[in-house]
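Per-entry structural report
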Amino acid sequence: WEIIEFDFTNQATGTELLSIGLERGWVYNMASIFFNFGTDGATAGEKTYYFDDVTFGELVLGTQFPEIVKLNLYPNPSNDQWSIVSNDNIIMIEIFDLQGNKILTFKPNHKTVKISAANFAKGVYISKISTKSTNSTLKLLKQ
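Residues numbered from 1 in each chain as written. Predicted model: local features only at pLDDT ≥ 70, side-chain atom pairs only at ≥ 80, totals over all residues. Heavy atoms only, no water.

**Structural notes on the overall build of the protein chain**
To keep it simple, the criterion reads: Helix and strand labels come from DSSP, where a helix needs a run of H or I of at least four residues and a strand needs a run of E of at least two; each type is numbered from the N terminus. The classification of residues rests on relative accessible area computed with a 1.4 Å probe and restricted to protein chains. Under 20% of the type maximum is buried, over 50% is exposed, and intermediate values are partly exposed. We call two residues contacting when some pair of their heavy atoms lies within 4.5 Å.
Along the protein chain, the regular secondary structure elements total two helices and six strands. The 143 residues of the protein chain split such that 20% are buried. Look at the contacts in the protein chain between residues 6 or more apart in sequence, and 45% of them connect residues 24 or more apart.

Right under this line is the structure:
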């Protein structure tokens, strides 16, 4: 691993000034990461890149990070039911099929939730699990 720091105080060639974007009401709410920017794939060759902990700005003294919510899902794949265990109360679960159709919503407000898979066809489903502090997405597999 290596730590890479970028200084965004100077405008990059070919980009609009930050002040102009702010005047026009542009929202800067995401980062794009390009590995080997400016190098085509044939030149770079096949590579695998991993990244972790992207942060912006300096850490202010006294700042506290929220507790990371951990979710455990088992068994997965399942024939009859999934169990989801969290270290924080699960306030809502939404389940979607792969076409994006919402097929189930419930608000358990518990740390342990069991979801019956009996009425699900075999396949892959996406669950959006919400706690007070975060939203997580888990893949559910029905055998």
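**As for the packing of aromatic side chains**
Selection criterion: Within 6.5 Å between ring centres, the rings of Phe, Tyr and Trp (the latter by its six-membered ring) count as paired, and their orientation is classed by plane angle as stacked under 30 degrees, edge-to-face over 60, tilted in between.
One pass over the structure, following the stated rule, counts two aromatic pairs. Ring geometry for Trp82 versus Phe120: centroids 5.5 Å apart, planes at 90°, classification edge-to-face. In this pair, Trp82 sits in strand 2 (residues 81-96) while Phe120 sits in the loop between strand 4 (110-116) and strand 5 (123-131), placing the two residues 38 residues apart along the sequence. As far as the burial class goes, Trp82 and Phe120 line up, both buried.

**So, the confidence of the model for the protein chain**
Convention followed: Per-residue confidence from the predictor is reported as pLDDT, which spans 0 to 100.
Summing up the model confidence of the protein chain, the mean pLDDT is 81 and the portion of residues at 70 or higher is 79%. Element-level mean pLDDT values for the protein chain span from 76 in helix 1 (residues 18-23) up to 94 in strand 4.

**Some thoughts on the environment of Ser83**
Put simply, the rule reads: Counting of polar contacts relies on pairs of N or O atoms within 3.5 Å, with two restrictions inside protein: one atom must be capable of donating a hydrogen and the other of accepting it, and residues adjacent in sequence are counted only when both atoms are side-chain atoms.
Within the secondary structure layout, Ser83 lies in strand 2. Separated by 32 residues in the primary sequence, Ser83 and Ile115 have C-alpha atoms spaced 6.3 Å apart. Each residue touching Ser83, except ones within four places of it in the same chain, is listed here: Asn72, Leu73, Tyr74, Val113 and Lys114. At 3.5 Å, the side chain of Ser83 forms a polar contact with the side chain of Lys114.

**A word on the environment of Phe96**
Mapped onto the elements, Phe96 comes out in strand 2. The spacing of Phe96 and Ser127 is 31 residues in sequence and 6.3 Å in space, taken between C-alpha atoms. Each residue touching Phe96, except ones within four places of it in the same chain, is listed here: Asn101, Lys102, Ile103, Tyr125, Ile126 and Lys128.

**Digging into the pairing of strand 6 (residues 135-142)**
Consecutive residues of a regular strand have side chains that alternate between opposite faces of the sheet. Quick note on the threshold: Should DSSP find at least two bridges between two strands, the strands are taken to pair.
Looking at chain direction, strand 5 and strand 6 are connected through eight bridges and run antiparallel. Its bridge partner lying in strand 6, Lys128 is registered against Thr137.

**Some thoughts on the side chain of Ser78**
Tracing the backbone shows Ser78 in the loop between strand 1 (71-74) and strand 2. At 2.6 Å, the side chain of Ser78 forms a polar contact with the backbone oxygen of Gln81. Discounting chain neighbours no more than four positions away, the residues touching Ser78 are Leu141, Lys142 and Gln143.

**Side note on unusual backbone geometry**
The omega torsion of the bond from Tyr74 to Pro75 falls at -25°, within 30 degrees of zero and hence cis. Residue position: Pro75 is located in the loop between strand 1 and strand 2. A positive phi angle is found at Asn109, which is not glycine, with a value near 55°. Relative to the assigned elements, Asn109 resides in the loop between strand 3 (102-106) and strand 4.

**Some details on the nonpolar core**
Generally speaking, soluble globular proteins have nonpolar side chains that are buried together. Note the threshold: Throughout, nonpolar core names a set of buried Ala, Val, Leu, Ile, Met, Phe, Trp, Tyr and Cys residues whose side chains join them through atoms within 4.5 Å.
Ile84, Ile93, Ile95 and Ile115 are the most contacted members of the largest nonpolar core, which totals 13 residues. For this core, the secondary structure elements donating two or more residues are strand 2, strand 4 and strand 5. By residue number, the principal contributor to this core is strand 2, which donates five residues. Apart from residues no more than four positions distant in its own chain, Ile95 is found in contact with Asn101, Lys102, Ile103, Leu104, Ile115, Phe120, Tyr125, Ile126, Ser127 and Leu140.

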